[in-house]
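# Structural overview
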Amino acid sequence: MIDPKEYIYKVDSDKLIIVYREADHPETGQVIKFFDYVTELSQGKRFHMILNLSKASPPSSAVRHEFKKGFSNLKPHVESFSIFFGKNFLLKITAKFVGASIGLENYRTAKSIDEAIEFINNNGDR
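For the structure given in this document, a descriptive report is provided here. Along every chain, residues carry numbers that run from 1 in the direction the sequence is written. At least 70 in pLDDT is required for a residue's local features to be given in this predicted model, at least 80 for side-chain atom pairs to be given and counted, and no such filter applies to totals for whole chains, interfaces and linings, which use all residues. To get the side-chain values, all heavy atoms of the structure are used, and hydrogens and water are removed first.

## Some details on the environment of Ser42
Operational definition: Secondary structure elements follow DSSP: runs of H or I of four or more residues count as helices, runs of E of two or more count as strands, with numbering from the N terminus. Any residue under 20% of the maximum accessible area for its type is buried, any over 50% is exposed, and the rest in between are partly exposed; the area is computed with a 1.4 Å probe on protein chains only. Residues are treated as being in contact if the distance between any of their heavy atoms lies within 4.5 Å. For this analysis, a polar contact is any N or O atom pair within 3.5 Å, provided that within protein one partner can donate a hydrogen and the other can accept it, and provided that sequence-adjacent residues contribute only side-chain to side-chain pairs.
In this fold, Ser42 is placed in helix H1 (residues 28-42). Residue Ser42 is classed as buried on the basis of its relative accessible area, which comes to 3%. Those residues in contact with Ser42 that lie beyond four places of it in its chain are Leu16, Ile18 and Phe47. A polar side-chain atom of Ser42 sits 3.1 Å from the main-chain carbonyl oxygen of Thr39.

Next up, the structure:
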């Protein structure tokens with residue numbers, strides 16, 4: 001099983017920002033562990049989340065179900081969502097449909113993780 005500490009981390013910032021890099025081929029058990037780790041990192045505080053989907057393949061229906069549960073549990077604590085797709089054009093196109101099906105509707109896209117962090121640092125309290 002993939003160690004979530006290799007994929008998820010806090011950004012050194014005045015604001016609580018958590019970067020979540022999805023595994024290349026996500027599986028349900030991994031998704032559950034990843035969301036548990038995000039909850040542990042946030043310690044019940046509100047935070048900004050950056051999703052790095054640059055290397056992820058489109059999720060199966062079972063994985064989408066776990067994402068939906070995970071995001072539903074986090075939603076009250078997340079100030080904003082930003083998504084970095086990298087060159088994963090296919091996922092960028094399907095993200096609107098997949099995002100809506102898992103309850104992730106209001107998000108900002110970013111050209112890089114650094115751009116997303118900069119945007120949050122400059123605009124995160126608005």
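## Here we look at the sheet that holds strand E5 (residues 108-110)
Rules: Strand pairing requires that DSSP identify at least two bridges connecting the strands. Whenever a helix is involved, its axis is fitted only over the stretch in contact; in every case the axis is a line through C-alpha atoms, and angles between N-to-C directions fall within 0 to 180 degrees.
Strands sit in the order E1-E2-E3-E4-E5 across an open sheet of five strands; the sheet is mixed. Strand pairing shows two members of the sheet lacking a second neighbour, strand E1 (8-10) and E5, which therefore form its edges. Each strand of the sheet is rotated relative to its neighbour by a mean of 25 degrees, with strand direction disregarded. As judged from the three bridges shared by strand E4 (residues 78-84) and E5, these two strands associate in the parallel manner. Within E5, the residue paired with Phe84 across the bridge is Ala110. Seen against the sheet, H1 touches E1, strand E2 (17-21) and strand E3 (47-52) and runs at an angle of roughly 165 degrees to E2. On the sheet, helix H4 (residues 113-123) packs against E1, E2, E3, E4 and E5 and is oriented at approximately 165 degrees with respect to E3.

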